[in-house]
Amino acid sequence: MDHFEIEKKFGANNYKPLDVVLNRGEGIWVWDIDGKRYMDCLSAYSAVNQGHCHPEIVKALTEQAGKLSLTSRAFRNDQLSQFYTELCDLTNSHKVLPMNSGAEAVETAIKTVRKWGYTTKGIAEDKAEIIVCDNNFHGRTITIISFSSDPTAKKGFGPFTPGFKSIPFGNADALKNAITKNTIAFMVEPIQGEAGVIIPPKGYLKEVRQICSENNVVLILDEIQTGLGRTGKLLAEEHEGIESDMTLIGKALAGGLYPVSAVLSNTEIMDVLNPGEHGSTFGGNPLACAVARAALKVLVKEKMIENSAAMGDYFLEGLKTLKNPMIKDVRGRGLMLGLEFVPEKINARAYCESLKENGLLCKETHDNIIRFAPPLVVTKKDIDYALEKIHKVIG
Ligand SMILES: *Cc1c(COP(=O)(O)O)cnc(C)c1O
């Protein structure tokens, strides 16, 4: 079967994948239809932190699928309360609102915090403002792209949703200056993933936390990519010892076996929602809850978060020995690593294609940055394998 031609003929053209057709995965490895093995250094944009087809998560999925998959929230199911308890215990949260995709979690947070702004902070109706950061990535809905600064994500899709203001990332003074009496929230990624693994200056989140508290502005951390062990901590906020008011998680929440996202919140904000004001047919379904419970369990039990920190350091040290003079910067936290080339001169895509030929799958972000983000179950030996290929291809 000619997958490329068929996809081109029948599929929307909204992705530009590497030309590799996969049909099997296990841990950090995936295989193509010819049986060739590759190390996965993307982890489905950090959705398979626990590794492909983790046996305990697969078991939870298959067992629950044969028992009860969907009730809708019109009725209760026996998995939801256990999911709530375990997730709140783990993340030190008070309340959870379960959704499916990351974009839905972002939309949910925006709705909730707007209502909090009107009912609790006393903002005049329809005046609520949310501050976000330039080069953010929070998803693909109309409202979310309304505050994107990426022309490709945005152009041709208007009219856009008002109520957002964008400031430079990593600049706490910019936040201070942007807050007005109508500001209800500041939403930010602790490390900007899609922008190219952009790590803010040390102390940024701490300052941001303080500014938000002083101004009664809700701090929303989008940890859909940075969360659940990716950066070497359960949540990236821990690197600066802060706690958000709302945290968004998704991607690895169900280990890549099912789409599950959630808004974690303190009680005051989440309690503004009443029956009928928000929901999702699939949000909080028993299959999603059972899979997410297993995914969280193995993340902790198998010490994947600690492994992410240790292996991330090791990987970063290895990347720092690259000699290619076109490399501008190598950076990372935990297993979220970025290799940036001098812009305009280097086509990162060509390197990704060549790495693929050599048995390593990763993806460029922008034209000049490669992100390395293997599943958190990676070992030193695996990283040596990756580094050998990277040295061979990049130099
Ligand atoms: C992937 C991502 C999203 C969107 O998640 P989807 O499941 O693709 O809708 C939102 N925010 C961040 C930081 C992400 O990395």
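Remember, predicted model here, so these are calculated numbers, not experimental data.

Calculation rules
- Residues numbered from 1 in each chain as written.
- Predicted model: local features only at pLDDT ≥ 70, side-chain atom pairs only at ≥ 80, totals over all residues.
- Heavy atoms only, no water.
- Near = heavy atom within 4 Å.
- Polar contact = N/O pair within 3.5 Å; in protein donor to acceptor, adjacent residues only side chain to side chain.
- Areas by Shrake-Rupley, 256 points an atom, 1.4 Å probe, with all protein chains shown as cover.
- Nonpolar A, V, L, I, M, F, W, Y, C, P; charged D, E, K, R; others polar.
- Domains from an automatic or database assignment.
- Contact = heavy atoms within 4.5 Å.
- Buried area = accessible area lost by both parts, 1.4 Å probe.
- Salt bridge = Lys/Arg side-chain N within 4 Å of Asp/Glu carboxyl O.
- Axes fitted to C-alpha atoms, helices over the stretch in contact; angles between N-to-C directions.
- Helix = DSSP H or I, 4+ residues; strand = E, 2+ residues; numbered from the N terminus.
- Parallel < 35°, antiparallel > 145°, perpendicular 65-115°, else oblique.
- Left-handed = near helix turned anticlockwise from the far one by under 90°.
- 1 Å grid on protein atoms, 1.4 Å probe; cavity = no way out; pocket = protein on both sides within 12 Å on 5 of 7 lines; lining within 4 Å.
- Points joined across faces, edges and corners; volume = space filled by probe spheres on them.
- Buried < 20%, exposed > 50% of the residue type's maximum accessible area, 1.4 Å probe, protein only.
- Pairing = 2+ DSSP bridges.
- Phe/Tyr/Trp six-rings, centres within 6.5 Å; stacked < 30°, edge-to-face > 60°.
- Lys NZ or Arg CZ within 6 Å of the ring centre and 35° of its normal.

### Digging into the site of the ligand
Part 1: Surveying the vicinity of the ligand reveals the residues Ser101, Gly102, Ala103, Phe137, His138, Gly139, Glu189, Asp222, Ile224, Gln225 and Lys251.
Part 2: Gln225 places a side-chain nitrogen or oxygen 2.8 Å from an oxygen atom of the ligand.
Part 3: Within the complex, 80% of the 380 Å² of free accessible area of the ligand lies under protein.
Part 4: Taken together, the residues of the shell around the ligand sort by class into 3 nonpolar, 5 polar and 3 charged.

### Remarks on the domain arrangement of the protein chain
Part 1: When its domains are assigned, the protein chain resolves into domain 1 (3–53 + 303–394) and domain 2 (55–301).
Part 2: Centre-to-centre, using C-alpha coordinates, domain 1 lies 26 Å away from domain 2.
Part 3: Taken residue by residue, the interface counts 30 residues in domain 1 and 31 residues in domain 2.
Part 4: Broken down residue by residue, the surface that domain 1 buries against domain 2 is led by Ile305, Arg333 and Met336, which jointly contribute 30%.
Part 5: In this assembly, domain 1 and domain 2 are joined by 1 salt bridge.
Part 6: Across the pair Arg371 and Glu194 runs a salt bridge, and its minimum N-O distance is 2.8 Å.
Part 7: Counting every contact that joins domain 1 to domain 2 gives 21 residue pairs in polar contact (both at pLDDT 80 or more).

### A closer look at the packing of helix α3 (residues 55–65) against helix α11 (residues 286–301)
Part 1: In contact at an axis separation of 9 Å, α3 and α11 are set at 160° when each is read in the N-to-C sense. Taken together, the axes of α3 and α11 are roughly antiparallel relative to one another. With respect to the hand of their crossing, α3 and α11 are arranged in right-handed fashion. Residues Glu56, Ile57, Ala60, Leu61, Gln64 and Ala65 of α3 form the contact with α11, whose participating residues are Pro286, Leu287, Ala290, Val291, Ala294, Ala295, Lys297, Val298 and Lys301.
Part 2: Partitioning the contact of α3 with α11 into residue classes produces 11 nonpolar, 1 polar and 3 charged.

### Considerations on the layout of surface pockets
Part 1: If you add up the space inside the second largest pocket, you get close to 640 Å³.
Part 2: Mapped by element, the contributors of at least two residues to the lining of the second largest pocket are α4 (80–91) and β4 (95–99).
Part 3: For the lining of the second largest pocket, the element with the most residues is β4, which contributes 5 residues.
Part 4: For the lining of the second largest pocket, a count of residues per class yields 11 nonpolar, 9 polar and 5 charged.

### Side note on helix α1 (residues 3–10)
Part 1: Where burial is concerned, little of α1 is hidden: 0 out of the 8 residues are buried.
Part 2: Taking the backbone nitrogen of Phe4 as reference, a side-chain oxygen 3.2 Å away marks Asp2 as the first, capping residue of α1.

### Remarks on the pairing of strand β12 (residues 336–341)
Part 1: With 6 of its 6 residues buried, β12 lies for the most part within the structure.
Part 2: Examined bridge by bridge, strand β11 (residues 327–333) and β12 share 6 bridges and lie antiparallel to one another. When the bridges of β12 are listed, Arg333 appears paired with Met336.
Part 3: Counted along the chain from β11 to the antiparallel partner β12, the turn is 2 residues long, and its residue Gly334 has a positive phi close to 60°.
Part 4: Sheet topology note: the β12/strand β15 (residues 369–372) ladder contains 4 bridges and is antiparallel. Bridging across to β15, Leu339 finds its partner in Ile370.

### Quick word on the side chain of Thr231
Part 1: Mapped onto the fold, Thr231 is located in the loop between β8 (218–222) and β9 (246–249).
Part 2: Judged by relative accessible area, which is 1%, Thr231 ranks as buried.
Part 3: Residues within four places of Thr231 in sequence aside, it is in contact with Ile191, Thr226, Ala236, His239, Ser308, Arg333, Gly334 and Met336.

### Considerations on the packing of aromatic side chains
Part 1: Counted under the stated rule, the structure contains 6 aromatic pairs.
Part 2: A ring pair is formed by Trp29 and Tyr385, whose centres lie 5.1 Å apart and whose planes are at 80°; its orientation type is edge-to-face. Placement of the pair is Trp29 in strand β2 (residues 29–32) and Tyr385 in helix α14 (residues 380–394), with a sequence separation of 356 residues. Residue Trp29 shares its accessibility class with Tyr385, and that shared class is buried.
Part 3: A ring pair is formed by Phe147 and Phe164, whose centres lie 4.4 Å apart and whose planes are at 40°; its orientation type is tilted. With a gap of 17 residues between them, Phe147 in the loop between α6 (142–146) and α7 (151–154) and Phe164 in strand β6 (residues 164–167) connect regions that are remote in the sequence.
Part 4: Exposure remark for Phe147: the relative accessible area of 4% places this residue in the buried category.
Part 5: The ring centre of Tyr314 lies 5.0 Å from the NZ or CZ of Lys380, which sits over that ring.

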